[in-house]
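One-letter residues, chain by chain:
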Amino acid sequence: PVQRRLEFLYHLEKLPSFQTAVEVGVQKGILAKKSLDIWQSCTEYILVDLWGKEEGYNEPGTDTTADKDQNLQQTRGRMRKWEASN
């Protein structure tokens, strides 16, 4: 279940000495938003994903370019709150 998979996020609030993270495979930014909502001491959160077509790389799955564009836009929308603080 999703709830069980996200339980680890609540450990972030107990790690005040950690301030930086890198998330690889962001897709729609759901985990990033949930992490940043909880993790108040985070000062840098780097998002890594292939939201577009990369020549010579065949990604598994059925996402189209339009799907990837929509994922990127959703991620940007979810991250807007933290963009202003940079």
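Residues numbered from 1 in each chain as written. Predicted model: local features only at pLDDT ≥ 70, side-chain atom pairs only at ≥ 80, totals over all residues. Heavy atoms only, no water.

Caption draft 1: Seen up close, the overall build of the chain. When you go through the chain residue by residue, the secondary structure sums to three helices and two strands. Secondary structure elements of the chain occur, N-terminal to C-terminal, as α-β-α-β-α. Within the span of the chain, comprising 86 residues, buried residues form 24% of the whole. Of the contacts formed within the chain by residues at least 6 apart in sequence, a portion of 55% connects residues at least 24 apart. (Helix = DSSP H or I, 4+ residues; strand = E, 2+ residues; numbered from the N terminus. Buried < 20%, exposed > 50% of the residue type's maximum accessible area, 1.4 Å probe, protein only. Contact = heavy atoms within 4.5 Å.)

Caption draft 2: Examining the nonpolar core more closely. Counting 11 residues, the largest nonpolar core is built from Leu9, Leu12, Ala21, Ala32, Leu36, Ile38, Trp39, Cys42, Tyr45, Met79 and Trp82. Looking at this core, the elements with two or more residues in it are helix H2 (30-38) and helix H3 (65-83). Sorting elements by how many residues they give to this core places H2 first, with three residues. Not counting the four nearest positions on each side in its chain, cysteine 42 is found in contact with Gln19 and Leu36. (Core = buried A, V, L, I, M, F, W, Y, C linked by side-chain atoms within 4.5 Å.)

Caption draft 3: Expanded view of the pattern of salt bridges. Taken as a whole and judged by the stated rule, the model has two salt bridges. A salt bridge links aspartate 37 to lysine 33; the shortest N-O distance between them is 2.6 Å. Taken as a pair, aspartate 37 and lysine 33 lie in helix H2 at a separation of four residues, close to a single helical turn. A salt bridge links aspartate 37 to lysine 81; its shortest N-O distance comes to 3.8 Å. Here aspartate 37 is found in helix H2, whereas its partner lysine 81 is found in helix H3, with 44 residues between them in sequence. (Salt bridge = Lys/Arg side-chain N within 4 Å of Asp/Glu carboxyl O.)

Caption draft 4: Geometry of a nonpolar patch on the surface. Where nonpolar side chains cluster on the molecular surface, the patch consists of Val22, Val24, Ile46 and Val48 and spans about 340 Å² of accessible area. Contributions of two or more residues to the nonpolar patch are made by strand S1 (20-24) and strand S2 (44-48). With respect to the element layout, valine 22 can be found in strand S1. (Patch = residues over 30% accessible without salt bridge, like charges linked within 9 Å, V, L, I, M, F, W, Y side chains within 5 Å. Areas by Shrake-Rupley, 256 points an atom, 1.4 Å probe, with all protein chains shown as cover.)

Caption draft 5: Structural context of H2. Inspection of H2 places Ala32, Ser35, Leu36 and Ile38 among the buried residues, and these make up the whole buried set. For H2, the angular spread of the buried residues around the axis is 165°, confining them to a single face. Contact partners of the buried residues in H2: S1, S2 and H3. (Arc of directions from axis to C-beta.)

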